[in-house]
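# Reading the structure
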Amino acid sequence: MQRTFASLMALGLLSGCSVWPVNQDPAGMEYRRQANEIVGAIQMYRATKGTFPPSIAALSPGYLIAVPDIPDLKYNPNDGSISYHYIPSWPQLRPVTCTSLGNKTEWRCAEHLTDKPV
């Protein structure tokens, strides 16, 4: 009985250690959702004004209620792309950098062994 209980406990603990694909962890999914809102605002700004916004701050309040708090968020006004860098929650602690492909909601995300973005 004790052996069965110990086995079930070990299995329960191991099931909590699932590892998500890159940028599929809960924090990464939320950052990507927020980043997609920014990309949508960039696209609306460009459709209205004919150019990319000079900064992400220029999107608020007309195109975004507020700029989301995404770690290490960077914006390129030349092509409308954005990127962010974050550290997922345990057990996946390798930093992740995600970059949009232009001003689209297509993302390239990669893990890095250092905490510096690429």
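Residues numbered from 1 in each chain as written. Predicted model: local features only at pLDDT ≥ 70, side-chain atom pairs only at ≥ 80, totals over all residues. Heavy atoms only, no water.

## Details of the overall build of the protein chain
Check the secondary structure of the protein chain and you find two helices and four strands. What you see in the protein chain, going N to C, is helices and strands ordered as α-α-β-β-β-β. Long-range pairs, those at least 24 residues apart, make up 41% of the contacts in the protein chain between residues at least 6 apart in sequence. Put simply, the protein chain shows about 7,500 Å² of open surface, and 59% of that area lies on carbon and sulfur atoms. (Helix = DSSP H or I, 4+ residues; strand = E, 2+ residues; numbered from the N terminus. Contact = heavy atoms within 4.5 Å. Areas by Shrake-Rupley, 256 points an atom, 1.4 Å probe, with all protein chains shown as cover.)

## Observations regarding the state of the cysteines
A disulfide bridge is the covalent bond that connects two cysteines by way of their sulfur atoms. Counted by the stated rule, this structure contains one disulfide. Between the sulfur of Cys98 and that of Cys109 lies a disulfide, 2.1 Å long from S to S. Judged by the sign of its S-S torsion, about 120 degrees, the bond between Cys98 and Cys109 is right-handed. On the criterion of sequence distance, the pair formed by Cys98 in strand S3 (residues 96-100) and Cys109 in strand S4 (residues 107-111) is long-range, its members being 11 residues apart. (Disulfide = S-S within 2.5 Å.)

## Thoughts on a nonpolar patch on the surface
Together, Ile87, Trp90 and Leu93 make up an exposed nonpolar region whose accessible area comes to about 350 Å². Residue position: Trp90 is located in the loop between strand S2 (81-86) and S3. What makes Trp90 exposed here is its relative accessible area of 54%. (Patch = residues over 30% accessible without salt bridge, like charges linked within 9 Å, V, L, I, M, F, W, Y side chains within 5 Å. Salt bridge = Lys/Arg side-chain N within 4 Å of Asp/Glu carboxyl O. Buried < 20%, exposed > 50% of the residue type's maximum accessible area, 1.4 Å probe, protein only.)

## A word on the pairing of S4
Every other side chain in a regular strand lies on the same face of the sheet, so the side chains alternate between the two faces. As paired strands, S3 and S4 are joined by five bridges and run antiparallel to one another. The residue bridging Thr97 from the neighbouring strand is Ala110, located in S4. With antiparallel pairing between neighbouring strands as the criterion, S3 and S4 make up a hairpin whose turn holds six residues, including Gly102 at a positive phi of roughly 65 degrees. (Pairing = 2+ DSSP bridges.)

## What to know about the packing of aromatic side chains
Across all of its chains, the model carries five aromatic pairs by this definition. Between Tyr31 and Tyr86, the aromatic rings sit 5.2 Å apart at their centres with planes inclined by 65 degrees, giving edge-to-face as the arrangement. In this pair, Tyr31 is assigned in helix H2 (residues 26-49) and Tyr86 in strand S2, connecting sequence segments 55 residues apart. Put simply, the rings of Tyr31, Tyr84, Tyr86 and Trp107 pair up and form one aromatic cluster. (Phe/Tyr/Trp six-rings, centres within 6.5 Å; stacked < 30°, edge-to-face > 60°.)

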